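Coordinates in review
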Amino acid sequence: MKNNIFKFVFSLISGTMMANVSLPNIFGDNMVLQRNSEVKIWGWGNPKEEIKLVSSWNNQEYKVTTNNQAQWEFKIKTPEAGGPYSISIKGYNEVVLKNILIGEVWVCSGQSNMEMSVSWGIDNGEEEAKNAANPNIRFFTVPKLTATTPQNNLLGNWTESTPETMKYFSAVGYFFAKRLREDLKNVPIGLISSNWGGTPAEIWMPEEVVQNDTVLLENAKKLNEQEYGPRQPGRAYNAMIYPFVGFKIAGTLWYQGESNVGSEVYDKTLSALITSWREGWQDEFPFYYVQIAPFKTGSNNFSNVTLRNSQRKLLKEINNTGMVVISDVSDTIDIHPKDKKSVGIRLANLALANTYRTNSNLVNGPLFKDIKIDKNKVTVSFDYADGLYFKNKVTKQFEVAGTDGTFYPAEASIKNNQVIVTSKKVPNPAKVRFAWGNTIQSDLFNKANLPASCFISE
């Protein structure tokens, strides 16, 4: 008899535990939901349980029945920016999410330069932190975890920006949000920070993407295991990206590449990552990234610049992308440049111009377009070339090569926002390169005082 009572009580307890409506941690108090869109909210309950959701901005009730995997999902419409609001989700129990804002949600991902916060020591960091109280900027930090298979949930919670929370959050992300709010006025900004210092791009995309591509797979095999970060394809994606794939976002900010220096195929690698994320979200969201800074890397004079050139080439290979060049605000002897404010502002200016259309200013540095050869003279054309100038009046950063591929220093002058390049040693030029060295900081700028990217003519 006692045995039967025990079984009955246990079944009641376990049944109640099973029945509890629950959500992934990405949905919680203080979160920001993407404005003016259809957002997906999902979670778990009991199989075949009726779940009701009510959003306080319009008091509309939505109903759905969980499937046989005990999963439920709603697609709900969000209004224009505002809040705070609440959402009630009710099955056998009720979960109420409070202090929700409707605004713009961005993912900040990559390695240590995206992770870097005031607590690491950035320019004017303590002063910036003192003034960081802003309930309309919200943070979600994804903890560093790996997994061999895609995970359903992650630890973490949404917090408001305060001097204490901002101090340990991505500085690039914070300055991006702060700049967005200058132009977007009263629109709240939500940032999801998912990054891990010392990690290559391969761990941030689904493992099968690498396994099913012979070029990416061969390249991934060259990645050495390091004590400060994982190297196996897919491991961070499974634990640190997949759990919130589908959470509606405005776009992604990416600052990574130092751990892929030496790769000859970084443009293909990052292109695969972007494509895989967009497929996961089923959304061609904007993807804005930072070109890594010039830095002395090992004994190879061209491994860093080769990767930066790959980042430049990606812009023409994949749509709705943008890149900021930071060679003028970086320090070639520190792989962690301390000026994170300029980086965040430049990313925000890209978004304000290309995504929000509120900024009509020039937001890109000069980008190599093409060359035209006339006898011994090469004319180099750039996009975003208004007001081209050399920082030191003259430049020694252009080189030309003939068909033998041997480069020689060249004379360069600016005419009609193009650069004319010649070298006495190359009577029949075929190729041009610019700022081609690991530690060379570009000295070519446009009227927005933004530096040109390094390049080698294709």
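Below, the structure is looked at part by part. A quick note: this is a predicted structure, and the numbers were derived from the prediction, not measured.

**So, the nonpolar core**
Counting residues in hydrophobic clusters, the biggest one holds 68 residues, and the most contacted among them are Ile87, Ile192, Trp204, Phe244, Phe247, Trp254 and Trp277. Mapping this core onto the domain boundaries places at least three of its residues in each of domain 1 (32–98) and domain 2 (104–355). Not counting residues up to four positions away in its chain, the partners in contact with tryptophan 277 are Val107, Ser109, Trp204, Met205, Tyr237, Ile241, Thr252, Trp254, Phe285 and Phe287. Ranked by size, the runner-up nonpolar core spans 40 residues in total, among them Ile122, Val290, Ala351 and Ala353.

**A look at helix H11 (residues 340–354)**
Taking 1.5 Å per residue as the helical rise, H11 with its 15 residues ought to reach 21 Å, and the 21 Å between its terminal C-alpha atoms agrees with that figure. Here H11 lies mainly inside the structure; 11 of its 15 residues are buried. For H11, the full list of buried residues reads Lys340, Val343, Gly344, Arg346, Leu347, Ala348, Asn349, Leu350, Ala351, Leu352 and Ala353. Looking at the packing, one finds that the buried side of H11 touches strand S7 (94–110), helix H2 (112–115), helix H5 (171–184), strand S11 (251–255), strand S12 (287–290) and strand S13 (321–324). Capping the start of H11 is the job of one residue whose side-chain oxygen sits 3.3 Å from the backbone nitrogen of lysine 341: aspartate 339.

**Notes on the sheet that holds strand S17 (residues 398–401)**
Judged by pairing direction, the sheet is antiparallel, and its four strands sit side by side in the order S18-S17-S21-S23 without closing on themselves. Edge positions in the open sheet fall to strand S18 (407–409) and strand S23 (455–456), since each of these has one partner strand only. Relative to strand S21 (residues 431–434), S17 is paired through four bridges, and the arrangement is antiparallel. When the sheet's bridge partners are listed, glutamate 399 is paired in S21 with arginine 433.

**So, empty space enclosed by the protein**
Taken as a whole and judged by the stated rule, the model has two cavities of 30 Å³ or more. In this structure, the largest cavity occupies an estimated 80 Å³ of space. What lines the largest cavity is Met323, Val324, Val325, Arg346, Val363, Asn364, Gly365, Leu367, Leu450 and Pro451. Broken down by class, the residue content of the lining of the largest cavity amounts to seven nonpolar, two polar and one charged.

**Section: the sheet that holds strand S19 (residues 411–415)**
Spatially, the four strands line up as an open sheet ordered S14-S15-S20-S19, and their pairing is antiparallel. The sheet is open, and its two borders are formed by strand S14 (367–374) and S19, each paired with just one other strand. The sheet shows a mean angle of 25° between the axes of neighbouring strands, direction not considered. In this sheet, strand S20 (residues 418–422) lies alongside strand S15 (residues 377–383) in antiparallel orientation, the contact comprising three bridges. Note on S20: the bridge partner recorded for valine 378 is valine 421.

The rules we used
Residues numbered from 1 in each chain as written. Predicted model: local features only at pLDDT ≥ 70, side-chain atom pairs only at ≥ 80, totals over all residues. Heavy atoms only, no water. Core = buried A, V, L, I, M, F, W, Y, C linked by side-chain atoms within 4.5 Å. Buried < 20%, exposed > 50% of the residue type's maximum accessible area, 1.4 Å probe, protein only. Domains from an automatic or database assignment. Contact = heavy atoms within 4.5 Å. Helix = DSSP H or I, 4+ residues; strand = E, 2+ residues; numbered from the N terminus. Expected span 1.5 Å × (residues − 1). Polar contact = N/O pair within 3.5 Å; in protein donor to acceptor, adjacent residues only side chain to side chain. Pairing = 2+ DSSP bridges. 1 Å grid on protein atoms, 1.4 Å probe; cavity = no way out; pocket = protein on both sides within 12 Å on 5 of 7 lines; lining within 4 Å. Points joined across faces, edges and corners; volume = space filled by probe spheres on them. Nonpolar A, V, L, I, M, F, W, Y, C, P; charged D, E, K, R; others polar. Axes fitted to C-alpha atoms, helices over the stretch in contact; angles between N-to-C directions.

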